[in-house]
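Given next are the chains, with one letter for each unit.
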Amino acid sequence: MTRSELIELIRNDETSGVEFKRDDEYGLKPVQGAEATVLDHRRLQNYFAHVLGWSTPGDPESEEWITQLVNLDLAVGKRRRTAPTVNGVLLFGSDPKRLVPQSGIRAICYAGEEPDYATRADEDLRGPLVPLLDRGGALVEPGLVDQAWDFVRRNTTPAARLEGLRRVDRWEYPKSVIREAVTNALVHRDYSIAGTDIALTIYSNRLEVTSPGRLPNTVTPEGMRSGMRYARNQALVNVMRDYGYVDARGMGVRIKMIPGMREHNGTEPDLIEDEYRFTVRLWK
C-alpha cells in the first residue's frame, strides 16, 4: 500500500485499525474516541478567515466545514463519523494534553548551571500550538510558542540601556531565536514517542530546548547549520508557517538562529543529537 492509499483509507474510515510505522504519518492518525468538536472552533475560524482569508461556513458540523478539515489533514472520516487527527488536536485542540498527553512543554528554571531539586520555576505548558488572534492580528490567547517565550521572559533578567531618551531592554536571549528553537521542537519532534514532553530548561549560563527522539531521515546537526531542509510533520509546518512561526524557506537554523546568536553575544547555538533526544543549547 502506498502512502497516498494509506491516507485515503484512513480518511474514509477512522476505525480502520491501521498502525503508523513512519513518524511523518503519525500526525495523520485519528484520535480514537474523539470527535471533531474537540477542535477549538474559534481558532479554526480565525485561521480560515483571518490567516488564510477564506470564506468559511458558520456551522462547525456542516459538510463544507468537515471537508475543509479533512483536506488539511486536521480530521478524517465523513460527516457524523469524523475524528480529529493528531495534527488537528496539536494545532487546534481545545485541550490537546488530554487527548495527546505528549503534546506539552515542561519548562524549568534552575538557579545554577546544573539540575537541582530546588528550582526557581517549574511549569507544565499546555494548549494548542497556534494562538487565537483578533481581527487585527493582535494576540488574544497564546499558543505554545508564545507561552514558552513568556516563561523565558519571566525567568530571565533583561539588561537596560538608553537610546537617546528611551530605555531599551536587552533580553538574555533574543526572542526571535527562542521562538525559532521552540517552534522547531514542536513541529519536528517525534510525537509517536509517548510519555515525555519537550523540555525547555533555563540554567544560570545557558538555555536548552530538548525534543524526544532522533532527527528524522538523514538530517544531521551539520546539515541543519548549512541550511538543510526537512519536515517530520509537514501539516504542522504548513500551518505554523501560515502564522509566521516557521521560516518560509525552511532554513530557520541557518537564517535565524545562528545569525541571531552571533549578533546577540558572539556565540552559535549548540545542536546536540544523541540516541534518544535532540537538544538546542543557547549560551547566555
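This text follows the structure it describes.
Rules of the game
Here the residue numbers are simple positions, counted from 1 along each chain's written sequence. Confidence filtering applies because this is a predicted model: local features only for residues at pLDDT of at least 70, side-chain atom pairs given and counted only at 80 or more, and all residues used for totals across whole chains, interfaces and linings. Heavy atoms from the whole structure form the basis of all side-chain values; hydrogens and water molecules are not counted. Numbered from the N terminus, helices here are DSSP runs of H or I no shorter than four residues, and strands are runs of E no shorter than two. Think of it in three bands: with a 1.4 Å probe and only protein chains considered, a residue is buried below 20% of the maximum accessible area for its type, exposed above 50%, and partly exposed in between. For this analysis, residues touch if any pair of their heavy atoms sits within 4.5 Å. Accessible areas in this description were obtained via Shrake-Rupley with a 1.4 Å probe; residue shielding takes into account the shown protein chains only. Within this scheme the basic residues Lys and Arg register as positive and the acidic residues Asp and Glu register as negative, but His and the chain ends are omitted. To locate a charge, the coordinates of NZ of Lys, CZ of Arg, CG of Asp or CD of Glu are taken. By the convention used here, strands pair only if DSSP detects at least 2 bridges between them. Between N-to-C directions, angles span 0 to 180 degrees; the directions come from axes that are lines fitted to C-alpha atoms, helices contributing only their stretch in contact. Each pair of aromatic rings taken from Phe, Tyr and Trp, with Trp reduced to its six-membered ring, is defined by centres within 6.5 Å and is described as stacked if the planes are under 30 degrees apart, edge-to-face if over 60, and tilted in the remaining cases. Distance and angle both matter: a charge sits over a ring if NZ of Lys or CZ of Arg is within 6 Å of the ring centre and within 35 degrees of the ring normal. Salt bridges are defined by distance alone: a side-chain nitrogen of Lys or Arg within 4 Å of a carboxyl oxygen of Asp or Glu.

Here we look at the overall build of the protein chain
Okay, so step 1: Counting its secondary structure elements, the protein chain contains 11 helices and 12 strands.
Okay, so step 2: Over its C-alpha atoms, taken along the principal directions, the protein chain stretches across nearly 60 × 45 × 40 Å.
Okay, so step 3: For the protein chain, with 284 residues in total, the buried portion stands at 50%.
Okay, so step 4: The contacts of the protein chain with a sequence gap of at least 6 include a subset with a gap of at least 24, amounting to 59%.
Okay, so step 5: Carbon and sulfur atoms make up 47% of the accessible area of the protein chain, which amounts to about 13900 Å² in all.
Okay, so step 6: Distance from the positive charge centre (39 side chains) to the negative charge centre (42 side chains) of the protein chain: 3 Å.

Topic: the sheet that holds strand 11 (residues 270-273)
Okay, so step 1: The strand order across the open sheet formed by 6 strands is 4-3-9-10-12-11, and the pairing between neighbours is mixed. Single-partner strands in this sheet number two, and they are strand 4 (119-125) and strand 11. Averaged over all pairs of adjacent strands, the angle between their axes in this sheet comes to 15°, without regard to strand direction.
Okay, so step 2: Note that strand 3 (residues 105-110) and strand 9 (residues 198-202) share 5 bridges and pair parallel. Bridging from a neighbouring strand, Ile-108 pairs with Thr-201 of strand 9.
Okay, so step 3: Helix 7 (residues 144-154) rests against strand 3, strand 4, strand 9 and strand 10 (206-212) of the sheet, and its axis sits at about 170° to strand 4.
Okay, so step 4: Those strands touched by helix 8 (residues 175-188) are strand 3, strand 9, strand 10 and strand 12 (277-283), and its axis lies near 15° from that of strand 10.

A short note on the packing of aromatic side chains
Okay, so step 1: For the coordinates displayed, the defined rule picks out 7 aromatic pairs.
Okay, so step 2: Here the aromatic rings of Tyr-47 and Tyr-243 are separated by 5.6 Å at their centres, their planes lie at 10°, and the arrangement is stacked. With Tyr-47 in helix 3 (residues 41-51) and Tyr-243 in the loop between helix 10 (234-242) and helix 11 (252-265), this residue pair connects regions lying 196 residues apart in the sequence. An identical accessibility class is assigned to Tyr-47 and Tyr-243; each is buried.
Okay, so step 3: Seen in terms of ring centroids, Tyr-110 and Tyr-203 are 5.4 Å apart; in terms of plane orientation they differ by 20°. Their pairing is stacked. With a gap of 93 residues between them, Tyr-110 in strand 3 and Tyr-203 in the loop between strand 9 and strand 10 connect regions that are remote in the sequence. Per residue, the accessibility class of Tyr-110 equals that of Tyr-203, and both read buried.
Okay, so step 4: An aromatic cluster of at least three residues, connected via ring pairs, comprises Tyr-47, Phe-48, Trp-54, Trp-65, Phe-92 and Tyr-243.
Okay, so step 5: Taking NZ or CZ as reference, Arg-189 lies 4.8 Å from the ring centre of Tyr-191, over its face.

What about the pattern of salt bridges?
Okay, so step 1: One pass over the full model with this rule turns up 19 salt bridges.
Okay, so step 2: Measuring nitrogen to oxygen at the nearest pair gives 2.9 Å for the salt bridge that ties Arg-43 to Asp-40.
Okay, so step 3: Residue classification places Asp-40 among the buried positions, given a relative accessible area of 6%.
Okay, so step 4: One connected set of salt bridges, linked through shared partners, spans Asp-40, Arg-42, Arg-43 and Glu-141.

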